Amino acid sequence: MSINIEEVRKQFPILETQVYNKPLVYFDSAATTHKPQRVIDKIDEVYKTLNSNIHRGVHYLSNQATLAYEEARNKVQGFINAEHSHQVIFTSGATAAINLVANSFGETFINEGDEIVVSTMEHHSNIVPWQLLCQRKKAVLKVIPINQDGDLEMEAYKSLLSDKTKIVAVTHVSNALGTVNPIQDVIDLAHEKNIPVMVDASQSVQHIGIDVQKMDCDLLVFSGHKIYGPTGTGVCYGKEDLLNQMVPWQGGGEMIHKVSFTETTYNELPFKFEAGTPNIAGAIGLGEAIDFVSELGVDNIAAYEDELLQYATNKLMSIEGMRIIGTAKKKSSVISFLINDIHPFDIGTLLDRMGIAVRTGHHCAQPIMDLYEIPGTLRASIAVYNTKEEIDQLVAALTKVAVMFA
Ligand code: PLP
């Protein structure tokens, strides 16, 4: 089956938006994807028909809400092929999930002099929580370099792994360059030395799919709002044994077994890591988004988006002065670029006036910008609702802008 683009687009009401009297052309899905009507309806339905707090009530609505929330967890489990649903912890996003890992794994396993390995191409949310941990524990952050194409330097990676390395935390796909990392090699090499690996799947889960058992990653995180789900939702998956060993990070209701002033004991997975009232409607909305993606088929989405990526890359290259930042061997759904020495913000602002939404700046990945010695880029990112016609519009608009500045 291939993607029926008209059918897909019909499901996203926001695509009807007019921007300055021009039809919206949205190429900022790496920041957040739009939501299909069924996700919007699902959230509406939750508040209209089953709004109640979960897990604690004896009454009808509470039971219904709990069932729906846990069903959403089962959907995530199936989607990433986790062995058990209790390995899926709902968070408010990838950032919260990484902070959970850095704090909880960090508190349990990281000591003075230990090393944590990340890469140059990480989003700030997979750098700063580890830096905070390193400051607290007097641990050391090691960084896998990348080459000018935007590929990980795998030999350098191998040489960073040692007895001191306690965790590797690497992104699957770079949000700033589009690089698809050889994540299986990253994991396998770490495992040869019994080092656990956390994968940031924020930019891969919606484009190329995830099978946590096949990958054998130890921890994996992603945001719900980048996979057609609501904002304020995310997932932290972990291997059961590892999650059981990790001390809880946030304390509060639901994460406890028994509280007293002499001793407090903690709940079992996944509740140990879900303190307080979660984003109930959001999680259920995320379950609906996962149904949307599953029904389209991740492989179909990947094939369609790859075609768009190739098409866009070729067309953009025809623009005078075009410089694509990130030309890795394998890429997914993100094109970062500059035109001559025009500031990305200026181009982004002019595109906006033509109804075209792209992102400008460092994309929360400043170390990458330092590597390329640039202040930032323009980033066009692709989702399943984009079309070749929209790419043509982007290329025509950029050509116009380039001429204006020339
Ligand atoms: N990791 C990557 C690779 C990202 O692209 C992002 C967001 O752009 C994040 C983590 C953080 O996601 P959020 O802001 O939804 O928590």
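Reading across the sheet, the seven strands line up as β4-β10-β9-β8-β7-β5-β6 and stay open at both edges, with mixed pairing between neighbours. The outermost strands of the open sheet, each flanked by one partner alone, are β4 (88-91) and β6 (140-144). For this sheet the average axis-to-axis angle between neighbouring strands, irrespective of direction, equals 20°. Judged from the three bridges that link them, strand β8 (residues 197-200) and strand β9 (residues 219-223) form a sheet pairing that is parallel. Looking across to β9, one finds that Asp200 is bridged to Val221. Sheet strands in contact with helix α3 (residues 60-80) are β4, β9 and β10 (234-238), and its direction is about 120° off that of β4.

Looking at the secondary structure, you find Ser202 in the loop between β8 and α8 (212-215). Relative accessible area serves as the criterion here: at 7%, Ser202 is assigned to the buried category. Within polar-contact distance, the side chain of Ser202 engages the side chain of Asp200 at 2.6 Å. Excluding residues within four positions of it along the chain, Ser202 makes contact with Ala94, Val221, Phe222, Ser223 and Lys226.

What follows deals with the packing of aromatic side chains. Centre distance and the angle of the planes are the two values used to describe a pair of aromatic rings. All chains considered together, the criterion is met by seven aromatic pairs. Measuring from centroid to centroid gives 4.8 Å for Phe12 and Tyr385, while their planes differ by 65°, and the two rings are edge-to-face. Pair noted here: Phe12 is in the loop between α1 (5-10) and β1 (18-19) and Tyr385 is in the loop between β17 (377-381) and α14 (388-405), with a separation of 373 residues, a long-range link. A relative accessible area of 0% means that Tyr385 is categorised as buried. The rings of Phe12, Tyr228, Phe292 and Tyr385 are connected pair by pair, giving a single aromatic cluster. Just above the ring of Tyr20 sits the side chain of Arg353; from NZ or CZ to the centre is 4.0 Å.

This part takes up the domain arrangement of the chain. Here the chain is described as being made up of domain 1 (5-30 + 297-405) and domain 2 (40-295). Averaged C-alpha coordinates put domain 1 and domain 2 at centres separated by 28 Å. When the two sides are added together, the surface that domain 1 and domain 2 hide from each other amounts to roughly 2700 Å², 57% of it contributed by carbon and sulfur. Taken together, domain 1 and domain 2 are joined by one salt bridge. Our count for the domain 1 to domain 2 interface comes out at 20 residue pairs in polar contact (both at pLDDT 80 or more). Elements supplying a minimum of two residues to the side of domain 1 that touches domain 2: α11 (298-317), β14 (334-339) and α13 (366-372). If you tally residues by element for the side of domain 1 that touches domain 2, the top one is α13, at six residues. Grouping the constituent residues of the side of domain 1 that touches domain 2 by class yields 20 nonpolar, ten polar and five charged.

What counts as what
Residues numbered from 1 in each chain as written. Predicted model: local features only at pLDDT ≥ 70, side-chain atom pairs only at ≥ 80, totals over all residues. Heavy atoms only, no water. Pairing = 2+ DSSP bridges. Helix = DSSP H or I, 4+ residues; strand = E, 2+ residues; numbered from the N terminus. Axes fitted to C-alpha atoms, helices over the stretch in contact; angles between N-to-C directions. Contact = heavy atoms within 4.5 Å. Buried < 20%, exposed > 50% of the residue type's maximum accessible area, 1.4 Å probe, protein only. Polar contact = N/O pair within 3.5 Å; in protein donor to acceptor, adjacent residues only side chain to side chain. Phe/Tyr/Trp six-rings, centres within 6.5 Å; stacked < 30°, edge-to-face > 60°. Lys NZ or Arg CZ within 6 Å of the ring centre and 35° of its normal. Domains from an automatic or database assignment. Buried area = accessible area lost by both parts, 1.4 Å probe. Salt bridge = Lys/Arg side-chain N within 4 Å of Asp/Glu carboxyl O. Nonpolar A, V, L, I, M, F, W, Y, C, P; charged D, E, K, R; others polar.

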